[in-house]
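Here are the chains, one letter per residue:
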Amino acid sequence: MHTIQEIAKFSSLKDNFVRRCIRDMNDILNPYIERGEKNKLLLAPEIIPIFDYIKQDKDKGLSLPTIKNNLLNSDFKLKKDRKTICQTTCLTGKPNDKDNNSILQVNNQDSEQANNNNQVIALLEKQIEDLKAQIEKQADDFKNQLNQKDQQIHQLHVLLKESKTSTIDYKPDENLGVFSKVLVKFG
């Protein structure tokens, strides 16, 4: 189960917008929501692809009512409320004719939930790959900066060997926050 903040982070939406979606789309999102300790909202992992879909529509500039209509009219598999479907069967222990279809729906929903879980896993794997790429780029940038500093240190070493004096003034490098530029006074 995820918190609203985690869903907001996964979907790159703001917390307030996620809360507004939950409030305005309660009829759609309610099967994915549970209450935790101190009545805290906890969201099932299957809700992540739904918020990914909402994010795509929001990025297109669509309003929340339009996004809700698009979600309802899309081919997106939405989970139905199992409590309502199983209510009679769970109480009596015997399904009636109406409940026979409901049991089939519950079995179909289990396969839909597995599909939703696969969508969540695929989305998370994509996010992991994106993060790996960012980290590799940052590592390459850092290596380049270190190479530049090594070259500057080598140049400083050469200057010191050629210098007749040991009086050196250091000036900090504004970009990297280390001492790299050197002025040598000849005596």
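Only a predicted model underlies this, so the values are computations on that prediction, with no experimental measurement involved.

**Here's the deal with the packing of helix α1 (residues 4–11) against helix α2 (residues 15–24)**
Thought 1: Two elements in contact, α1 and α2, have axes separated by 9 Å at closest approach and are oriented at 110°. Judged by the inter-axis angle, α1 sits roughly perpendicular to α2. In this structure, α1 uses I4, Q5, I7 and A8 to contact α2, whose residues at the interface are D15, V18, R19 and I22.
Thought 2: Taken together, the residues of the contact of α1 with α2 break down into five nonpolar, one polar and two charged.

**Examining helix α4 (residues 48–59)**
Thought 1: Taking 1.5 Å per residue, twelve residues should reach 16 Å; α4 reaches 16 Å between its end C-alpha atoms and fits that length.
Thought 2: Residues I48, P49, I50, F51, Y53, I54, K55 and D57 constitute the buried set of α4.
Thought 3: Two residues or fewer after α4 comes G61, characterised by a positive phi angle close to 85°.

**Brief notes about the nonpolar core**
Thought 1: In terms of nonpolar packing, the biggest core is built from 28 residues, with I22, L29, F51 and I54 touching the most fellow members.
Thought 2: When residues of this core are traced back to their parent elements, those giving at least two are α1, α2, α3 (26–29), β2 (41–43), α4, α5 (64–73) and α7 (97–162).
Thought 3: For this core, the leading source of residues is α4, giving five residues.
Thought 4: With residues near it in sequence (within four places) discarded, I54 still touches L13, F17, C21, M25 and I67.

**Considering α1**
Thought 1: Taken together, the buried positions of α1 are occupied by I4, I7, A8 and S11. Down the axis of α1, the sector holding all buried residues measures 100°, keeping them to one side.
Thought 2: At its buried positions, α1 is contacted by α2, β2 and α4.
Thought 3: Trailing α1 by a residue or two, S12 shows a phi angle of about 60°, which is positive.

**Looking at the environment of N115**
Thought 1: Among the secondary structure elements, N115 is positioned in helix α7.
Thought 2: Judged by its relative accessible area of 45%, N115 falls in the partly exposed class.
Thought 3: Measuring from C-alpha to C-alpha, the distance between N115 and E46 comes to 9.1 Å, with 69 residues separating the pair along the chain.

**A word on the pattern of salt bridges**
Thought 1: This model, assessed by the stated rule, comprises eight salt bridges.
Thought 2: For D24, the salt bridge is made with R23, and the minimal N-O distance between the two is 3.3 Å.
Thought 3: Residue class for D24 comes out partly exposed when judged on its relative accessible area of 32%.
Thought 4: Here K60 and D57 are joined by a salt bridge, their closest N and O atoms 3.8 Å apart.
Thought 5: Residue class for D57 comes out buried when judged on its relative accessible area of 4%.

About the thresholds
Residues numbered from 1 in each chain as written. Predicted model: local features only at pLDDT ≥ 70, side-chain atom pairs only at ≥ 80, totals over all residues. Heavy atoms only, no water. Axes fitted to C-alpha atoms, helices over the stretch in contact; angles between N-to-C directions. Helix = DSSP H or I, 4+ residues; strand = E, 2+ residues; numbered from the N terminus. Parallel < 35°, antiparallel > 145°, perpendicular 65-115°, else oblique. Contact = heavy atoms within 4.5 Å. Nonpolar A, V, L, I, M, F, W, Y, C, P; charged D, E, K, R; others polar. Expected span 1.5 Å × (residues − 1). Buried < 20%, exposed > 50% of the residue type's maximum accessible area, 1.4 Å probe, protein only. Core = buried A, V, L, I, M, F, W, Y, C linked by side-chain atoms within 4.5 Å. Arc of directions from axis to C-beta. Salt bridge = Lys/Arg side-chain N within 4 Å of Asp/Glu carboxyl O.

Geometry only, nothing functional implied.
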